[in-house]
Amino acid sequence: MVKPSVHRHPPQDSEDLWEVAVALPIFHTLTYRLPETLKDQARVGCPVRVPAKRQMVTGYLLGQAGEIPDLKIRPIQAVLDPLPRFGPEMAPLFRWLADYYQYPLGEALDHLIPGAAALPGPRTERWAGWLPQPEGTEPPRRLSPKAQGIIQHLQESGPAPLRELNRLFPNCSSILKRLAARGLVALEERTVLRDPLKDFPLAPEEPPLQLSPDQEEARAAIVEGIHSRVFSPFLLHGVTASGKTEVYLNAAQATLDQGRQVLVLLPEIALTHPVALAFRRRFGARVALLHSGITPAARLDQWRRIILGQVDIAVGARSAVFAPLPRLGLLVVDEEHDPAYKQEGGLLYQARDVALYRGKLAAAAVVLVSATPAVTTYYRAQEGKYRYLNLSRRVTPQALPDIHLISLKQHRSGKGLPVISTPLAAALEETLDRGEQALLFLNRRGYATVLFCLVCGEVRQCWQCSVALTYHQARDVLTCHYCGYEERVPERCPQCQSTAVKRYGLGTERVEAEIQKIFPQARVARLDRDTAPHSGLALKVLEDFAAGRFDILVGTQMISKGHHFPGVTLVGVVNADQHLFFPEYYAGERTFQLLSQVAGRAGRGEAPGRVLIQTFHPDHYVFQAVRSQDYEGFVQQELQTRRESGYPPFTRLALARLSGTPAEAVAQAATRLTAALKDAITRDEQLASLVRVLGPAPPGLAKLQGRFRWQLLLKSYGRPPLLQALKLLRQLWKPPPGGRIDLTLDMDPMSLF
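Everything numeric in this text was worked out from a predicted model, so none of it was measured.

Trainee: Where do I start with the overall build of the protein in this structure?
Mentor: Helix and strand counts for the protein stand at 20 helices and 33 strands. Its C-alpha radius of gyration of 29 Å places the protein within 12% of the 27 Å reference for a compact globule of 753 residues. Once the C-alpha set of the protein is aligned to its principal axes, its extents read approximately 95 × 70 × 60 Å. Scored against the burial criterion, the 753 residues of the protein give a buried share of 53%.

So, in structure tokens, the structure goes:
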């Protein structure tokens, strides 16, 4: 859409004109007139309803208009909530976000803000409170015993909600009305803001733990950055169980002492609860919890608590980076290397990078925390862009666990390859005999990964996605983990009618079954998206395991990071090769991080830990680096490979993906768009020297949810030329008639597959 012409010198009545980001696929904001009747309600961040062409849409007020369009300006129809969803300090962040990730600003806000613009206001609840009588007033007469009991309760305990009074004094509503009519109690409506932490009682305030010298040095550096009130980015690199959380808990105290606020991000919902509770125990109830596992209404109530000034600390998963804290002094991105910080649909933002930019705007300290930092993060720290802080020793009684590689080439049996090798089975038996616990890690759920016909070679695939269906034994179904399609397991091959249909591959469900067969007396639990489809169930399994109610926990990456299990002395990795040869440039890095993180769960209590890793490639440099716990050596080899092949951190990447139907139309559209982009870049000599366009080609996952996909990859030496090329690509994109092909732009993509 072409922007209308504007007056850059607004007329005198321009204070009535407001800039609105509307929830439409347009890359600019619109200007509306604010009616006199709405002036008392309008503030930056308020959701509004406005006309756009022939429809009514929602949007957000960004501020008074700086440029006045040369056309008729229409009025704002309604302010949907006089309580803003964000303050003026957030508007520059949202503008940068939309520009950098090449996404319409209004649609971005519609996705990012809990509940969207049109969610109703907060709930209210009726409360009763005792009204003190003037001195010298005679005590009330002729009160029933129940009425006297209600008054005594309100005098002793203070105001209470009617639901609580009805529980203590059944059917007391009519009595309360009569007491209110006599001026003995006051009845009022109070706003009720949902709090996901309300069911966890406030424990006595926890004093800070005694810090080690390394921890104290890191804390002092971060506090210095907080006190400087200038943007101060840090990389806190510490081995597992080195006390990284305690360092930023202490830094949070220094932030609060300055009257500023704290934002803590974690990659998994299951990790947010223990960290939020740690802050709640240390700092009291002024802690908000934000993640997608709570309802949109509850998340919006948490935002309202923040806007109303009832919160000093927000803890949450990826989307919590947009929590509307107006006085940020400290941002923490824990497990900063985790790919979960990259949004997978809609606005494809990277929360770690957003946190860094937000810290820059707020002149705050930003602490990136990891035992295995992303290669790009570590490289930037070594280049001096972040201050590097290192915790090289554990604060627990035991040192880092011993790590051993088991070569699966040496443990074949007559019946093929065992799921649990002889050395791992022996180690599990010893662990159980000592009354200790074990973790078994395999980052793939299901029972078997492929259903295969031995006669014709047919592999059962999802009809909507170009992937094999996974067999789940508990429900006896084949499932697509990308779109959710399911079908019954065929007795015969649908292609050739042979009965020689076999199951291949390995998932957590089969590992659990094998362990129960080998150790029938052991208490075994499994944690993956099948057993815990939402965060509540995952937390229950983790709590039960931490409490010693299970001996062995089998799981995916949900068990690999951030958890503290003092009883675990053995970690077994069932198939370490799984990610290593995946067609992604960061496959080695991802493998190293996963194995190092899960290995760090062992030996965190009184007893030493041991890690056994099953692999066909024990001599590979990634596994050798994991075994020797040599992060530095791994990074140097990884950087050399990436420098030679031109991947981050030495270049910037962006992915343009076309998806739609039919397949031929998508391929043709991708070919035309790529040719036009290459031609346009060639005509700009400077841009052509800095940007390369690779493709187009179908990705590894060439069909997803019924849509065929093609993509082109842009490589650039620097961020500005890449943004310039993406804007050029967006201008060149002309959707084919019929609207069945979409273009998605992914800045700094995490997956090229």
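Trainee: Before we go on, may I ask you to explain the packing of helix α16 (residues 621-628) against helix α17 (residues 631-645) in this structure?
Mentor: Helices that pack against each other are described as a pair by the angle of their axes relative to one another and the distance between those axes. Between α16 and α17, the least distance of the axes is 9 Å, while the angle of their chain directions is 160 degrees. The angle between the axes of α16 and α17 places the two elements in the roughly antiparallel class. Between α16 and α17 the crossing geometry is left-handed. Here Tyr621, Val622 and Ala625 of α16 come into contact with α17, specifically with Phe634, Gln637 and Glu638.

Trainee: Whenever I open this one, the packing of aromatic side chains confuses me. Can you help?
Mentor: Each aromatic ring pair is characterised by the separation of its centres together with the angle its planes make. Following the criterion strictly, the structure yields 23 aromatic pairs and no others. A centroid spacing of 5.4 Å and a plane angle of 85 degrees characterise the contact between Tyr585 and Tyr586, whose relative ring orientation is edge-to-face. The exposure class of Tyr586 is buried, given its relative accessible area of 15%. Judged by centre distance (4.8 Å) and plane angle (5 degrees), the ring pair of Tyr585 and Tyr647 falls under stacked. With Tyr585 in the loop between β27 (568-573) and α15 (587-599) and Tyr647 in the loop between α17 and β29 (652-660), the pair connects residues that are 62 residues apart, well separated along the chain. On the basis of relative accessible area, Tyr585 is assigned to the partly exposed category, the value being 21%. Since its relative accessible area comes to 19%, Tyr647 is described here as buried. Each member of the aromatic cluster is reached from another via a ring pair, and the members are Tyr378, Tyr388, Phe592, Tyr621, Tyr631 and Phe634. Against the face of Tyr471 rests Arg503, its NZ or CZ located 4.2 Å from the ring centre.

Trainee: Got a minute to help me understand the sheet that holds strand β22 (residues 477-479) in this structure?
Mentor: Through backbone hydrogen bonds, the strands of a sheet pair up, either in parallel or in antiparallel fashion. If you walk across this open sheet you meet the three strands as β21-β22-β23, and the pairing is antiparallel. Strands with a single pairing partner mark the edges of an open sheet, and in this sheet they are β21 (470-472) and β23 (486-488). On average, each strand axis in the sheet is inclined to that of its neighbour by 30 degrees, with strand direction left out of account. Sheet analysis places β21 next to β22, joined by three bridges and oriented antiparallel. The residue bridging Thr470 from the neighbouring strand is Thr479, located in β22.

Trainee: I would appreciate a short explanation of the pattern of salt bridges in the present structure.
Mentor: Pairing of side chains with opposite charge becomes possible as their charged atoms draw close. Counted according to the given criterion, the structure contains 36 salt bridges. With its nearest N and O atoms 3.6 Å apart, the salt bridge here joins Asp81 to Arg85. Classification of Asp81 by relative accessible area gives buried; the value is 9%. As a salt-bridge pair, Arg488 and Asp476 come within 3.8 Å of each other at their nearest N and O atoms. Taken as a pair, Arg488 in strand β23 and Asp476 in the loop between β21 and β22 lie far apart in primary sequence, 12 residues in all. Using a relative accessible area of 57% as the deciding quantity, one classes Arg488 as exposed.

Trainee: Looking at this model, I keep getting lost on the pairing of β29. Mind explaining?
Mentor: For a regular strand, side chains alternate in direction, first toward one face of the sheet and then toward the other. Counting buried residues along β29, nine of its nine residues qualify, which places the element largely inside the surrounding structure. Alternating residues of β29 divide into Arg652, Ala654, Ala656, Leu658 and Gly660 and Leu653, Leu655, Arg657 and Ser659, and every residue in both groups is buried.

Trainee: Help me understand the environment of Gln593, please; the structure alone is not making it clear to me.
Mentor: Summarising the element assignment, Gln593 is placed in helix α15. Assessed through its relative accessible area of 3%, Gln593 is described here as buried. Taking the C-alpha atoms as reference points, Gln593 and Leu325, separated by 268 residues in sequence, lie 32 Å from one another. Aside from chain neighbours lying at most four places away, what touches Gln593 is His337, Thr372, Pro373 and Ala374.

Trainee: Sorry if this is basic, but what is going on with helix α20 (residues 719-732) here?
Mentor: Side chains that are three or four residues apart share a direction in an α-helix, a result of its 3.6 residues per turn. Here α20 spans 20 Å end to end across 14 residues, near enough to the 20 Å set by a 1.5 Å rise per residue. Taken residue by residue, α20 has Pro721, Leu722, Leu723, Ala725, Leu726 and Leu729 as its buried positions.

Trainee: Would you take a moment to explain the nonpolar core for this structure?
Mentor: Taken as a class, soluble globular proteins show a tendency for nonpolar side chains to be buried jointly. Ranked by size, the top nonpolar core spans 130 residues in total, and within it Phe322, Tyr349 and Leu714 carry the most contacts. Residue contacts for Phe322: discarding those within four places in its chain leaves Met90, Leu93, Phe94, Leu97, Leu112, Trp303, Tyr349, Val354 and Arg358.

Trainee: What is the right way to read the pairing of strand β4 (residues 47-52) from this model?
Mentor: Burial runs high along β4: five of the six residues are buried. In terms of strand pairing, β4 meets strand β5 (residues 55-64) through six bridges, oriented antiparallel. Along β5, the bridge assignment pairs Val48 with Gly59. Taking the residues between adjacent antiparallel strands as the criterion, β4 and β5 are bridged by two residues, where Lys53 takes a positive phi near 55 degrees. Two elements, β4 and strand β7 (residues 78-79), share two bridges in a ladder whose sense is antiparallel. Opposite Val48, over in β7, you have Val79 as the bridge partner.

Trainee: Can you walk me through the sheet that holds strand β28 (residues 610-615) in this structure?
Mentor: Taken together, the six strands give an open sheet; going across it, the order is β18-β28-β27-β19-β26-β25, and neighbouring strands pair in parallel fashion. Since the sheet does not close on itself, it has two edges, and those belong to β18 (402-407) and β25 (524-527), each with one partner. Averaged over all pairs of adjacent strands, the angle between their axes in this sheet comes to 20 degrees, without regard to strand direction. Across five bridges, the pairing between strand β19 (residues 437-441) and β27 is parallel. In the strand pairing of β27, Gln437 is matched with Val568. Helix-sheet contacts for α16 involve β18 and β28, and the interaxial angle to β18 is about 150 degrees.

Trainee: Sorry if this is basic, but what is going on with unusual backbone geometry here?
Mentor: Negative phi values dominate among residues other than glycine, just as trans dominates among peptide bonds. For the peptide bond that leads from Pro648 to Pro649, omega is 15 degrees, which places it in the cis range. Looking at the element boundaries, Pro649 is found in the loop between α17 and β29. Cis geometry is adopted by the peptide bond preceding Pro662, which originates at Thr661 and carries an omega value of -10 degrees. Along the polypeptide, Pro662 turns up in the loop between β29 and α18 (663-682).

Thresholds applied
- Per chain, residue numbering runs from 1 following the sequence as it is written.
- Since the coordinates come from a predicted model, pLDDT governs what is reported: local features require at least 70, and pairs of side-chain atoms require 80 or more to be given and counted, while whole-chain, interface and lining totals use all residues.
- Values reported for side chains reflect all heavy atoms of the structure, with hydrogen atoms and water molecules removed beforehand.
- Secondary structure elements are taken from DSSP: a helix is a run of H or I of four residues or more, a strand is a run of E of two residues or more, and numbering for both begins at the N terminus.
- Computation of the radius of gyration draws on C-alpha atoms alone. For the globule rule, the value is 2.2 Å times the number of residues to the power 0.38.
- Using a 1.4 Å probe on the protein chains alone, a residue whose accessible area is under 20% of its type maximum counts as buried, one over 50% counts as exposed, and one in between counts as partly exposed.
- The axes are straight lines fitted to the C-alpha atoms, using for helices just the contacting stretch, and the angles between their N-to-C directions are given from 0 to 180°.
- For classification, angles of less than 35 degrees are called roughly parallel, those exceeding 145 degrees roughly antiparallel, those between 65 and 115 degrees roughly perpendicular, and all remaining angles oblique.
- When the near helix sits turned anticlockwise from the far one by under a right angle, the crossing is termed left-handed; a clockwise turn instead gives a right-handed crossing.
- In this description, contact between two residues means that some pair of their heavy atoms is separated by no more than 4.5 Å.
- Ring geometry is summarised as follows: Phe, Tyr and Trp rings, the Trp one being its six-membered ring, pair when their centres sit within 6.5 Å, and such pairs are stacked at plane angles under 30 degrees, edge-to-face over 60 and tilted between the two.
- Geometrically, a lysine NZ or arginine CZ counts as sitting over a ring once it is within 6 Å of the ring centre and also within 35 degrees of the ring normal.
- For two strands to be treated as a pair, DSSP must find no fewer than two bridges joining them.
- Definition used for salt bridges: Asp or Glu carboxyl oxygen within 4 Å of a side-chain nitrogen of Lys or Arg.
- Each helix should span, by expectation, one fewer than its residue count multiplied by 1.5 Å.
- Nonpolar core, defined: a set of buried Ala, Val, Leu, Ile, Met, Phe, Trp, Tyr and Cys residues in which side-chain atoms within 4.5 Å join the residues together.

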